[in-house]
Amino acid sequence: MNDKQHASSPDIEFERRRGEAVVALESALITHGLPKPLNYQAAMEMQKQVRNAGAMPVIIAILNGRVKIGLTEPELKDLSQSKDPYKISDRDIAFSVFKKYTGGTTVAGTMILAGRAGLHIMATGGIGGVHRGQSFDISPDMRVLSQNPLIVVCSGAKSILDLGATLEMLETLGVPVVGYRTNQFPGFYSRDSGFSVTTRLEKPSEIASFAKIHWSSGARSAILIANPINEKEAIERSKIEPIIVDAIERAEKDHIQGQSLTPYLLGRLTEVAGEEILRANLSLLNTNAHLAGEIAVALESISTVKSV
Ligand code: PSU
Ligand code: MN
């Protein structure tokens, strides 16, 4: 994509080796999505999964105002233990650099920085979307997905959202939602949300080819790969739903809004359903990282063939 541009950016240290498959990993899940010390463990495991698939993982974050495309282990440790990290969406990047903040990048923040570094694929747990009952709380993830040609591997949208509205919005924005070996849009902790995907694909190589065609047809939007959680760790929707409804009610009572809403709701879920939820979260993060690694390898092999 824009290799020259990133080579001349002093704040981006990442140098990609030719032909290397690379997967970007978001870091808001480290700073705001998971409790300590599980957040560190999860990030380490995700990186391992990407490597097992034959690709190189790079965690994207901002440390003391420096954009990091790839964290060393001590940097990851610092970030995961950081006391008051910033949650960095795309609009917060410049501010974080200017103020020398440390923080985790959301899907939107990660996509912008990954794209600028010439990367084409990232992995996360769940994307942000349209919040329930709050028609004006729409994650910037939506807008960034509509404007940036990356593959984003997830297990659906966060279960705390209005999934129907989120999917409608993705359609409006021209973002294909691809079910990986499923016709259902996954429900994050559960395999099924009751909604369908637009397309179903079976193999990482098919996803890579699909992405190339999408972008060569002139589309600039991202492609969302919806990868359901493993059956073993999946939790029934009926079990989670009442906890979510209760958490949303509490958030309203406590006047929690804006960027703090997601961390608040996730924190509440963990408080109530603890172990099971965390196990599910780790499991889906790992399978998403692995699948992203496989797709990255497939993407790279297509471009290698093309450039010969
Ligand atoms: N899903 C999770 N945990 C998270 C997030 C999503 O299970 O921490 C993060 C992602 O980084 C996502 C962000 O991009 O929440 C969306 O936040 P908001 O709704 O404020 O845009
Ligand atoms: Mn929001």
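Residues numbered from 1 in each chain as written. Chains lettered and ligands numbered in written order. Predicted model: local features only at pLDDT ≥ 70, side-chain atom pairs only at ≥ 80, totals over all residues. Heavy atoms only, no water.

Novice: Any chance you could explain the site of ligand 1 here in plain terms?
Specialist: Contacts to ligand 1 come from 17 residues, most closely from Glu-26, Lys-87, Val-107, Ser-139 and Asp-141. Within the contact set of ligand 1, an oxygen atom lies 2.8 Å away from a side-chain nitrogen or oxygen of Lys-87. In this structure, an oxygen atom belonging to ligand 1 sits 2.7 Å away from a side-chain N or O atom of Asp-141. Protein chains shield 95% of the accessible area of ligand 1, which is 480 Å² for the free molecule. Secondary-structure elements contributing two or more residues to the shell around ligand 1 are α2 (28-33), α7 (140-147) and α11 (261-307). In terms of residue count, the dominant contributor to the shell around ligand 1 is α2 (3 residues). When grouped by side-chain class, the residues that make up the shell around ligand 1 number 6 nonpolar, 7 polar and 4 charged. (Near = heavy atom within 4 Å. Polar contact = N/O pair within 3.5 Å; in protein donor to acceptor, adjacent residues only side chain to side chain. Areas by Shrake-Rupley, 256 points an atom, 1.4 Å probe, with all protein chains shown as cover. Helix = DSSP H or I, 4+ residues; strand = E, 2+ residues; numbered from the N terminus. Nonpolar A, V, L, I, M, F, W, Y, C, P; charged D, E, K, R; others polar.)

Novice: Explanation requested: the packing of aromatic side chains in the structure shown.
Specialist: Here the distance between the centres and the angle between the planes together describe a pair of aromatic rings. Considering all chains together, one arrives at 4 aromatic pairs under this definition. Ring centres of Tyr-86 and Phe-95 lie 6.3 Å apart, and the angle between their planes is 45°; this geometry places the pair in the tilted category. Each ring, one from Phe-95 and one from Tyr-101, has its centre 5.9 Å from the other, and the planes form 80°; the classification is edge-to-face. (Phe/Tyr/Trp six-rings, centres within 6.5 Å; stacked < 30°, edge-to-face > 60°.)

Novice: Even after reading the chapter, I still don't get the environment of Ala-234, so can you show me in this structure?
Specialist: With respect to the element layout, Ala-234 can be found in the loop between β12 (223-226) and α10 (237-253). Residues Ala-234 and Ala-55 lie 179 residues apart in sequence; the distance between their C-alpha atoms is 27 Å.

Novice: Any chance you could explain the nonpolar core here in plain terms?
Specialist: Considering soluble globular proteins, one finds that nonpolar side chains tend to be buried as a cluster. Core analysis: the largest hydrophobic core is formed by 96 residues, its most contacted members being Ile-127, Leu-145, Ile-151 and Ile-225. With 17 residues, α11 is the largest single contributor of residues to this core. Other than its neighbours up to four places away in sequence, Ile-127 contacts Val-107, Asp-141, Met-142, Leu-145, Val-152, Cys-154, Gly-156, Ala-157, Lys-158, Leu-161, Leu-170 and Leu-224. (Core = buried A, V, L, I, M, F, W, Y, C linked by side-chain atoms within 4.5 Å. Buried < 20%, exposed > 50% of the residue type's maximum accessible area, 1.4 Å probe, protein only. Contact = heavy atoms within 4.5 Å.)

Novice: What is the right way to read α10 from this model?
Specialist: Taking 1.5 Å per residue as the helical rise, α10 with its 17 residues ought to reach 24 Å, and the 24 Å between its terminal C-alpha atoms agrees with that figure. The set of residues buried in α10 consists of Ile-240, Ile-243, Ile-244, Ala-247, Ile-248 and Ala-251. Buried positions in α10, seen along its axis, are confined to an arc of 140° and lie on one side of it. Along α10, exposed side chains directed more than 90 degrees from the buried face belong to Ser-238 and Lys-253. Just downstream of α10, His-255 is the residue with a positive phi angle, here 55°. (Expected span 1.5 Å × (residues − 1). Arc of directions from axis to C-beta.)

Novice: It is not clear to me how the environment of Arg-220 should be interpreted in this structure. Could you clarify?
Specialist: Here Arg-220 lies in the loop between α9 (204-216) and β12. Exposure remark for Arg-220: the relative accessible area of 48% places this residue in the partly exposed category. Taking C-alpha positions, Arg-220 is 9.2 Å from Leu-145, a pair spaced 75 residues apart along the chain. Apart from residues no more than four positions distant in its own chain, Arg-220 is found in contact with Ser-146, Gln-147, Asn-148, Pro-149 and Trp-215.

Novice: Can you help me understand the pattern of salt bridges in this one?
Specialist: It is possible for side chains of opposite charge to pair when their charged atoms get near one another. Under the defined criterion, the tally for this structure stands at 11 salt bridges. For Arg-143, the salt bridge identified is with Asp-90, shortest N-O distance 2.8 Å. Highlighted residues: Arg-143 in helix α7 and Asp-90 in the loop between β4 (86-88) and α5 (93-99), separated in sequence by 53 residues. For Arg-143, a relative accessible area of 37% translates into the label partly exposed. A salt bridge links Glu-241 to Arg-132, with the shortest nitrogen-to-oxygen separation between them at 2.8 Å. In this pair, Glu-241 sits in helix α10 while Arg-132 sits in the loop between β6 (121-123) and α7, placing the two residues 109 residues apart along the sequence. The class of Arg-132 is partly exposed, set by a relative accessible area of 21%. (Salt bridge = Lys/Arg side-chain N within 4 Å of Asp/Glu carboxyl O.)

Novice: Just to check I follow, could you spell out the pairing of strand β1 (residues 22-25) for this structure?
Specialist: Side-chain positions along a regular strand alternate between the two faces of the sheet. Taking every second residue as pointing to the same face, both faces of β1 are buried, with Val-22 and Ala-24 on one and Val-23 and Leu-25 on the other. In terms of strand pairing, β1 meets strand β2 (residues 56-63) through 4 bridges, oriented parallel. Directly across from Val-22, in β2, lies its bridge partner Met-56. As paired elements, β1 and β6 share 2 bridges and run parallel to each other. For Leu-25, the partnering residue across the bridge sits in β6 and is Ala-123. (Pairing = 2+ DSSP bridges.)

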